[in-house]
Amino acid sequence: MSAYLFSIGATAAIFILLALSLNIITGYAGQAMMGQAAFFGIGAYTAAILTTNGVNFWLALLAAMVISGVFGAVLGVISLRLQADFLAITTIGINFVMVALFNNMKITGGSLGLTVSKPVVFGVKFTNLHFMLLTIVLIVILCLLIVKMKKSWFGMALASINNDAAAAKSFGINVSKYQILTFVIGTSIAGLAGGIYAHRMGFISSTDFAFTVSIEIVSMVVIGGIGTIRGPILGALILTFLPEFLRFAKDYRNLVYGIALVLVVRFLPGGLLGDNSPIMRLIQKVFQKGGAAE
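Predicted model, so just to flag it, every value in this text is computed and none were measured.

**Overview of the overall build of the protein chain**
Step number 1: Regarding its fold elements, the protein chain presents twelve helices and four strands.
Step number 2: What you see for the protein chain is a C-alpha radius of gyration of 19 Å, in line with the 19 Å of a compact globule of 294 residues.
Step number 3: Seen through its principal axes, the protein chain has C-alpha atoms that stretch 55 × 50 × 40 Å.
Step number 4: Taking as baseline every contact in the protein chain between residues at least 6 positions apart, the subset at least 24 positions apart corresponds to 76%.
Step number 5: Put simply, the protein chain shows about 14900 Å² of open surface, and 70% of that area lies on carbon and sulfur atoms.
Step number 6: Both charge centroids of the protein chain, one from 18 positive and one from 8 negative side chains, sit 5 Å from each other.

**A few points about the packing of aromatic side chains**
Step number 1: Across all of its chains, the model carries 13 aromatic pairs by this definition.
Step number 2: Ring centres of Phe40 and Phe209 lie 5.2 Å apart, and the angle between their planes is 80°; this geometry places the pair in the edge-to-face category. Within this pair, whereas Phe40 is found in helix α2 (residues 36–52), its partner Phe209 is found in the loop between β4 (203–204) and α9 (211–224), the two being separated by 169 residues in sequence. Both residues of the pair, Phe40 and Phe209, count as buried.
Step number 3: An aromatic cluster is present here, built from Phe15, Phe40, Tyr45, Phe102, Tyr197 and Phe209 joined pairwise through their rings.
Step number 4: When the ring centre of Tyr178 is taken as reference, the NZ or CZ atom of Lys177 above it lies at 5.0 Å.

**A word on the packing of helix α5 (residues 128–151) against helix α8 (residues 175–201)**
Step number 1: Viewed as axis vectors pointing N to C, α5 and α8 meet at an angle of 170°, and their least axial separation amounts to 10 Å. Taken together, the axis directions place α5 and α8 in an arrangement best described as roughly antiparallel. In this structure, α5 contributes Asn128, Phe131, Leu134, Thr135, Leu138 and Leu142 to the contact, and α8 contributes Ile189, Leu192, Ile196, His199 and Arg200.
Step number 2: In the contact of α5 with α8, the residues fall into seven nonpolar, three polar and one charged.

**Here we look at the side chain of Thr135**
Step number 1: Structurally, Thr135 is set in helix α5.
Step number 2: Separated by 2.7 Å, the side chain of Thr135 and the backbone oxygen of Phe131 make a polar contact.
Step number 3: Ignoring any residue separated from it by four or fewer positions in sequence, one finds Thr135 in contact with Ala13, Ile14, Leu17 and Ile196.

**Here's the deal with helix α6 (residues 153–163)**
Step number 1: What α6 keeps buried is the set Phe154, Gly155, Ala157, Leu158 and Ile161. Along the long axis of α6, the arc covered by the buried residues comes to 160°, so they all point the same way. Along α6, the residues that are exposed and aim more than 90 degrees away from the buried face are Trp153 and Asn163.
Step number 2: Along its buried surface, α6 packs onto α1 (2–28), α5, α7 (165–170) and α8.

**Notes on the packing of α5 against α6**
What describes two packed helices is the angle between their axes and the distance between those same axes.
Step number 1: Put simply, α5 and α6 touch, their axes get as near as 4 Å, and they point 75° apart. One finds that α5 runs roughly perpendicular with respect to α6. Of α6, the residues touching α5 (which contributes Met149, Lys150 and Lys151) are Trp153, Phe154, Gly155, Met156 and Leu158.

**Thoughts on a nonpolar patch on the surface**
Step number 1: Together, Leu59, Leu62, Val66, Ile67, Val70 and Phe71 give the surface a local cluster of nonpolar side chains, amounting to about 530 Å² of exposed area.
Step number 2: Turning to its location among the elements, Phe71 is positioned in helix α3 (residues 57–79).
Step number 3: Owing to a relative accessible area of 41%, Phe71 belongs among the partly exposed residues under this scheme.

**Brief notes about helix α10 (residues 230–245)**
Step number 1: Here α10 spans 22 Å end to end across 16 residues, near enough to the 22 Å set by a 1.5 Å rise per residue.
Step number 2: Listed as buried for α10 are Gly231, Pro232, Gly235, Ala236, Leu239, Thr240, Pro243 and Glu244.

**Thoughts on unusual backbone geometry**
Step number 1: For Phe122, which is not glycine, the phi torsion reads 55° and is therefore positive.
Step number 2: With respect to the element layout, Phe122 can be found in the loop between β2 (120–121) and β3 (124–125).

**Side note on the side chain of Asn95**
Step number 1: Considering the arrangement of structural elements, one finds Asn95 in helix α4 (residues 84–104).
Step number 2: In this structure Asn95 comes out as buried when scored by relative accessible area, which is 0%.
Step number 3: Within the structure, the side chain of Asn95 is placed 3.1 Å from the backbone oxygen of Phe209, a separation counted as a polar contact.
Step number 4: Residue contacts for Asn95: discarding those within four places in its chain leaves Met34, Gly35, Ala37, Ala38, Phe209, Ala210, Phe211 and Ser214.

**A few points about the environment of Arg230**
Step number 1: Inspection of the secondary structure assignment puts Arg230 in helix α10.
Step number 2: Taking C-alpha positions, Arg230 is 14 Å from Tyr28, a pair spaced 202 residues apart along the chain.

Thresholds applied
- Residues numbered from 1 in each chain as written.
- Predicted model: local features only at pLDDT ≥ 70, side-chain atom pairs only at ≥ 80, totals over all residues.
- Heavy atoms only, no water.
- Helix = DSSP H or I, 4+ residues; strand = E, 2+ residues; numbered from the N terminus.
- Rg over C-alpha atoms; globule rule 2.2 N^0.38 Å.
- Contact = heavy atoms within 4.5 Å.
- Areas by Shrake-Rupley, 256 points an atom, 1.4 Å probe, with all protein chains shown as cover.
- Lys, Arg positive; Asp, Glu negative; His and termini not counted.
- Charge placed at Lys NZ, Arg CZ, Asp CG, Glu CD.
- Phe/Tyr/Trp six-rings, centres within 6.5 Å; stacked < 30°, edge-to-face > 60°.
- Buried < 20%, exposed > 50% of the residue type's maximum accessible area, 1.4 Å probe, protein only.
- Lys NZ or Arg CZ within 6 Å of the ring centre and 35° of its normal.
- Axes fitted to C-alpha atoms, helices over the stretch in contact; angles between N-to-C directions.
- Parallel < 35°, antiparallel > 145°, perpendicular 65-115°, else oblique.
- Nonpolar A, V, L, I, M, F, W, Y, C, P; charged D, E, K, R; others polar.
- Polar contact = N/O pair within 3.5 Å; in protein donor to acceptor, adjacent residues only side chain to side chain.
- Arc of directions from axis to C-beta.
- Patch = residues over 30% accessible without salt bridge, like charges linked within 9 Å, V, L, I, M, F, W, Y side chains within 5 Å.
- Salt bridge = Lys/Arg side-chain N within 4 Å of Asp/Glu carboxyl O.
- Expected span 1.5 Å × (residues − 1).

Put into structure tokens, the structure is as follows:
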């Protein structure tokens with residue numbers, strides 16, 4: 001039972017990292033990103049190919065971040081000439097193109113996929129527990145960095161760009177630079193998550209990074225609460241564990257899962273834990289009453 005829980009926990013942790021990475025691009029910079037799974041895949045294949053050829057696991061993860069970030073920079077440059085809807089369509093197209101490349105390139109194993117060896121660190125072969133703990137540490141570090149970022153000039157610049165890019169530009173903010181940097185940061189983190197995912201699974205194929213995965217990541221951010229740290233974390237936990245709880249429903253599991261998503265989006269458009277959501281207002285009132293009582 002514990003092995004099963006660690007397996008689900010490792011998956012949830014990886015998707016929390018992915019949701020947080022997308023939230024940097026979409027939640028803080030307001031960029032319409034619908035192809036995060038492509039960069040997830042770039043990082044996964046980069047790390048997998050490198051470790052298969054004898055490169056150290058940690059160096060492979062670093063390389064996964066760098067390569068994904070480079071591709072993210074290219075997308076960032078492209079985004080400067082595209083409006084929100086067209087950018088979303090472009091990122092969807094990039095996702096399909098990358099999946100096609102993963103499925104047809106010899107170096108990625110083509111349609112047969114790629115087998116990846118589990119990393120051995122200090123003589124210990126990584127298990128789901130190790131991958132979960134590693135990813136949780138990275139999540140904590142990332143959350144601390146995001147908190148610091150939001151209080152910095154960079155975070156304030158992103159907030160102004162998100163509210164009104166034209167107004168931000170009129171105040172002397174280099175909108176292009178910040179948008180590109182946001183894509184680099186968000187896609188680099190997605191690449192890191194991909195590198196961990198590849199070694200945790202032991203086998204990857206192009207279907208692991210299909211457009212449906214991008215939609216799942218977007219759903220995690222939106223359902224949890226876009227533009228917050230707590231939102232993507234909650235969204236990733238819900239959408240990772242909910243399918244497991246719905247196994248009893250068998251053929252009706254996907255139907256129940258879809259209805260749950262629609263209800264949240266319909267009645268809580270700001271997400272479950274968004275800044276203006278009824279749930280957050282209730283939590284704030286409870287804490288305020290508790291503070292007043294003391």
